[in-house]
Amino acid sequence: MRRRRFLELGSAALLLGGALPALARAQARQVSFQRWQANSDIVFDYRLIDYLGKELRLGFRLPVRVVDDSRRLVSAFSNEALADYVEAALRNYVARTSPGISVEILREPRRLEFVVRGPSQLEVDRVSAGLGREYDRAEQEFLVQNFLALDGRKVFIDYGRVVAHYAPILRPAAQAIASASNGAAVEGRLALALALIQTIPYDELDGRDVESGFDFVTPPTLFDTNKGDCDSKAVALAAILHGLVVDAHMVLVLLPNHAVLGIDLPAGRDARTLRHGGRQYLLMEPAGPAPYRPGQVFPNSAADLNSGRIERIVPV
């Protein structure tokens, strides 16, 4: 019996990064950046100018192990890698549960097929059903292990899980921002965190293979390389804000070739907000390098929001 399972996950995955909005090409506001290793930690030292023109210095440490591991946390997706993983799981399942059954696994472009042969149709049906369940389990396991998620049959980075994973790890960065804010209220800490992320140089990450559908770096890698694109920066900011703002609700708003971050904090009269799921979110532009304060968005972002060109809204 032949069962065909399609592997169409990577064909239309969201590509973020894109061209930097025109008004974000203003002079970068990062004065200096240094990193060095001290025993088992990497020390990050930033001097930056915030949107008020004030020069600030921020420093924090992250374990070397965390920085090294972060480069492997989110793997570039490919149908070939998924097929390898699923095929191995199917072969292991047959060897474990049905050693007397013949199963041929065929790999064709963008799909796997399996042919089951046995002494009876009842046995063939039993093994085929089991292989179908194992296929689903292995596929989901692969995605979870690589911090990926399905939306229909498209694969996306599981931004929510990445933020949840790194929020406790980035507490040193949140503590440094809280200390540098000199007792400022939530709004002041928010603005300083945004300024830190905005002034990290923007990079479309063209050097990475993006045929898989995304070009993303995790927060420690963003700090370690001192560069990142829009969704990488937004995820890093969200992870830090979870250590700065108690019980904050945040959403990553994915626009065509861009991403902004929203947080459910009070907004001024002229601030740009988005209402979603019964909450009002104050919007921010982590991409930089233009020092836009919370509630300000790039003209391109405003045009997309005004036209309803929102591709996804992801709780983070």
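Here is what the cut-offs are and how they apply
- Residues numbered from 1 in each chain as written.
- Predicted model: local features only at pLDDT ≥ 70, side-chain atom pairs only at ≥ 80, totals over all residues.
- Heavy atoms only, no water.
- Pairing = 2+ DSSP bridges.
- Helix = DSSP H or I, 4+ residues; strand = E, 2+ residues; numbered from the N terminus.
- Axes fitted to C-alpha atoms, helices over the stretch in contact; angles between N-to-C directions.
- Contact = heavy atoms within 4.5 Å.
- Polar contact = N/O pair within 3.5 Å; in protein donor to acceptor, adjacent residues only side chain to side chain.
- Salt bridge = Lys/Arg side-chain N within 4 Å of Asp/Glu carboxyl O.
- Buried < 20%, exposed > 50% of the residue type's maximum accessible area, 1.4 Å probe, protein only.

> So what's going on with the sheet that holds strand β9 (residues 250-255)? Residues and values would help.
Within a sheet, neighbouring strands are paired by backbone hydrogen bonds and run either parallel or antiparallel to one another. Spatially, the five strands line up as an open sheet ordered β11-β12-β10-β9-β13, and their pairing is antiparallel. Of all strands in the sheet, those with a lone pairing partner are β11 (273-276) and β13 (312-315), marking the two edges. Sheet twist, expressed as the average angle between the axes of neighbouring strands with direction ignored, equals 35°. Across four bridges, the pairing between β9 and β13 is antiparallel. Considered in β13, the bridge of Leu254 is made with Arg312. The strands touched by helix α4 (residues 159-166) within the sheet are β9 and β13, with β13 carrying the most contacts at an inclination of about 30°.

> Which residues make up the side chain of Thr221, and what values go with them?
You can see Thr221 is positioned in helix α7 (residues 219-225). Here the side chain of Thr221 touches Ser70 through a polar contact of 2.8 Å, side chain to side chain. When neighbours within four sequence positions are excluded, Thr221 is seen to be in contact with Ser70, Arg71 and Asn226.

> Before we move on, could you go through the sheet that holds strand β3 (residues 41-49) and cite the residues and values that matter?
Strand order in the open sheet formed by three strands is β2-β3-β4, with antiparallel pairing between adjacent strands. The open sheet has two free edges, formed respectively by β2 (30-38) and β4 (55-63), since each of these has just one partner strand. Pairwise comparison of adjacent strand axes, ignoring direction, gives a mean angle of 15° for this sheet. Two elements, β2 and β3, share eight bridges in a ladder whose sense is antiparallel. Paired with Gln30 across the two strands is Leu48, which belongs to β3. Relative to β3, helix α6 (residues 186-199) is tilted by about 100°, and along the sheet it contacts β2, β3 and β4.

> Now, about the pattern of salt bridges: what can you tell me, with residues and values included?
Where charged atoms of side chains with opposite charge meet at close range, the side chains can pair. As enumerated under the stated definition, the model contains 16 salt bridges in all. One salt bridge connects Glu134 with Arg137, and the closest N-O pair in it is separated by 2.7 Å. Here Glu134 pairs with Arg137, and both are found in helix α3 (residues 121-145), just three residues apart, close to one helical turn. Judged by its relative accessible area of 9%, Glu134 is buried. Assessed through its relative accessible area of 38%, Arg137 is described here as partly exposed. The salt bridge partner of Arg269 is Asp270, with a shortest N-O separation of 3.9 Å. Just as Arg269 is exposed, Asp270 falls in that class too. Each of Glu80, Asp84, Glu87, Arg91 and Arg107 takes part in a single network of salt bridges with overlapping partners.

> Which residues make up helix α1 (residues 64-73), and what values go with them?
Of the positions making up α1, those classed as buried are Val64, Val66, Val67, Ser70 and Leu73. Of the surrounding elements, those touching the buried residues of α1 are β2, β3, β4, α3, α4 and α7.

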